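Structural overview
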Amino acid sequence: MTLSDPRRPQRTTGPVISVGECMVELTREPDGGFSLAYGGDTFNTAVYLARSGVSVAYATAVGDDPYSADIIDEAKAEGVSADLIQIMPGRMPGLYVIETTPEGERSFWYWRDRAAARDLFETANISATIAAMADARLIYFSGVTLSLYTAKGLDVFASALAHARANGCTIVMDSNYRPRGWGDDILQPRATFERFWRLSDIALPTFDDERMLWGDTSPTATIERLQGFGVTEIVVKNGVEGVLVRTLADSQLVACPSAVVPVDTTAAGDSFNAGYLAQRLAGVEPGLAALQGHRLAGIVIQHRGAIVPRVATDPVLEGKL
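Residues numbered from 1 in each chain as written. Predicted model: local features only at pLDDT ≥ 70, side-chain atom pairs only at ≥ 80, totals over all residues. Heavy atoms only, no water.

A word on the overall build of the chain
The condition is simple: Secondary structure elements follow DSSP: runs of H or I of four or more residues count as helices, runs of E of two or more count as strands, with numbering from the N terminus. Values of the radius of gyration come from C-alpha atoms, whereas the globule rule sets the reference at 2.2 Å times the count of residues to the power 0.38. Remark: exposure states derive from per-residue accessible area (1.4 Å probe, protein chains only) relative to the maximum for the residue type, with buried under 20%, exposed over 50%, and partly exposed in between. In what follows, a contact means two residues having at least one pair of non-hydrogen atoms within 4.5 Å. Calculation of accessible area relied on Shrake-Rupley with a 1.4 Å probe; when residues are assessed, cover is drawn exclusively from the protein chains displayed. Charged residues are defined narrowly, with Lys and Arg counted positive, Asp and Glu counted negative, and His plus the chain ends left uncounted. Charge positions come from single atoms, namely NZ of Lys, CZ of Arg, CG of Asp or CD of Glu.
A tally of regular secondary structure across the chain gives 11 helices and 13 strands. Its C-alpha atoms give the chain a radius of gyration of 18 Å, near enough to 20 Å, the size a compact globule of 321 residues would have. Over its C-alpha atoms, taken along the principal directions, the chain stretches across nearly 50 × 45 × 40 Å. When each of the 321 residues of the chain is scored for burial, the buried share is 55%. Put simply, of all contacts in the chain between residues at least 6 apart along the chain, 71% involve residues at least 24 apart. Here the chain displays about 13000 Å² of accessible surface, and carbon together with sulfur accounts for 54% of that area. Counting 28 positive and 39 negative side-chain charges, the chain places the centres of these two groups 4 Å from one another.

Considering the pairing of strand β13 (residues 251-254)
A regular strand places its side chains so that they alternate between the two faces of the sheet. Here is the rule: Strand pairing is defined by DSSP finding a minimum of two bridges between the two strands.
Summarising the sheet, strand β12 (residues 243-246) and β13 pair through 4 bridges and their orientation is antiparallel. Looking at the pairing, Arg246 lines up with Ser251 of β13. In this structure, the hairpin formed by β12 and β13 is closed by a connection of 4 residues.

Quick word on the nonpolar core
Just so we agree on the cut-off: To form a nonpolar core, buried Ala, Val, Leu, Ile, Met, Phe, Trp, Tyr and Cys residues must be joined to one another through side-chain atoms within 4.5 Å.
If you look at the biggest cluster of nonpolar residues, it comprises 52 residues, and the most contacted ones within it are Leu49, Val80, Leu204, Tyr276 and Leu277. Core analysis: the second largest hydrophobic core is formed by 45 residues, Ile17, Leu84, Ala117 and Phe193 among them.

Some thoughts on the pairing of strand β8 (residues 138-142)
Of all 5 residues in β8, 5 are buried, a share of seventy percent or more. Burial along β8 is two-sided: Leu138, Tyr140 and Ser142 facing one way and Ile139 and Phe141 facing the other are all buried. Where strand β1 (residues 16-19) lies against β8, 3 bridges are found, and the strand directions are parallel. Considered in β8, the bridge of Ser18 is made with Tyr140.

Section: the sheet that holds β1
For clarity, the cut-off: Axis definition: a line fit to C-alpha positions, over the contact stretch in the case of helices; interaxial angles, taken between N-to-C directions, run 0 to 180 degrees.
The mixed open sheet is built from 9 strands, whose spatial order is β5-β4-β1-β8-β9-β10-β11-β12-β13. Sheet topology places β5 (85-87) and β13 at the edges, where each strand pairs with a single neighbour. Here β8 pairs with strand β9 (residues 170-174) via 5 bridges, running parallel. By the bridge assignment for β9, Ile139 is matched with Ile171. Where helix α10 (residues 286-300) meets the sheet, its contacts fall on β11 (233-237), β12 and β13, and the angle it forms with β13 comes to roughly 20°.

Re the pattern of salt bridges
Counted only if it meets this: What makes a salt bridge here is a side-chain nitrogen of Lys or Arg within 4 Å of a carboxyl oxygen of Asp or Glu, nothing more.
Evaluation of the coordinates by the stated rule reveals 14 salt bridges. Taking the shortest distance from any N to any O, the salt bridge between Arg178 and Asp209 comes out at 3.5 Å. With Arg178 in the loop between β9 and α6 (187-197) and Asp209 in helix α7 (residues 207-214), this residue pair connects regions lying 31 residues apart in the sequence. Residue classification places Arg178 among the partly exposed residues on the basis of a relative accessible area of 26%.

Things to note about the packing of helix α5 (residues 151-166) against α6
For any two helices packed against each other, one specifies the crossing angle of their axes together with the interaxial distance. Our working definition: Note on terminology: angles under 35 degrees are roughly parallel, angles over 145 are roughly antiparallel, angles of 65 to 115 are roughly perpendicular, and the others are oblique. Note on convention: the crossing is left-handed when the near helix lies turned anticlockwise from the far helix by less than a right angle, right-handed when the turn is clockwise. Residue polarity is assigned by list, with Asp, Glu, Lys and Arg as charged and Ala, Val, Leu, Ile, Met, Phe, Trp, Tyr, Cys and Pro as nonpolar; anything else, Gly included, falls into the polar class.
The contact between α5 and α6 brings their axes to 11 Å, and the two run at 20°. By the angle between their axes, α5 is roughly parallel relative to α6. Two packed elements cross with a definite hand, and for α5 against α6 that hand is right-handed. Every residue of α6 that contacts α5 at Leu154, Asp155, Phe157, Ala158 and Leu161 is listed here: Thr192, Arg195 and Phe196. In terms of residue class, the contact of α5 with α6 is made up of 5 nonpolar, 1 polar and 2 charged.

Laid out in structure tokens, this is it:
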């Protein structure tokens, strides 16, 4: 990966670390029943990065219950390192339910107030995670990640990111704004997001989220605001309209390569981010990397659930589609 800002020192070795929360996922099926799986925005991206051949670790906290054990097993089965997953006795993971319309649009309902992941940066063993972050090549997180933590936890996380960035780590954020995670208080997420955008090198927001939070009138307006925060590589996802990519060198609209009828749009942005970042880590320029993000997301949204069967994603990740 070559950052669009050559003035920044940049690590070319070390793992990718994705930070956030993996939850128990219940998806309502057409017959009214539910299927059980595991997912969460940054966990989904970690899985699709691993399937793309990227060495990636997931940083979170879980409980000592059977569902937490399943999350760890799921990570390992997908090739995601579980070394940074902390186990908190007596705690449990969060849970969410996905309801999907016939058109493939989804709604989420969460039970996560006491999820173990919320206390990641206030655990006794967080020093090991912070040390791993300092040696990482890239750290990825989202606005959902930020919504988890207390003010103290956010301070610890911000300090760890700043230290890693000073060591040459590339910091990547997707806003992924979810109002319920912030108690419908618009000022707190605005202040928090700005704080962490200013620590970021690459922004991967979705325009609908930016319009909802900031009142942006266009992807260009989103880019201009993020550039004002100091972000130098920005990819604004805008559904069927494609993505607008802006670097210090140029700006380009990257259209979706083909029309796709979605079955379930869960993890569309998460998988796009994985496809994009995997290509950028391999040295591919941003426009072509965005095409790979489109291709991977196009496969994912044709299946139900956040993490689709490996047989579905292998062809695009192996360059056969």
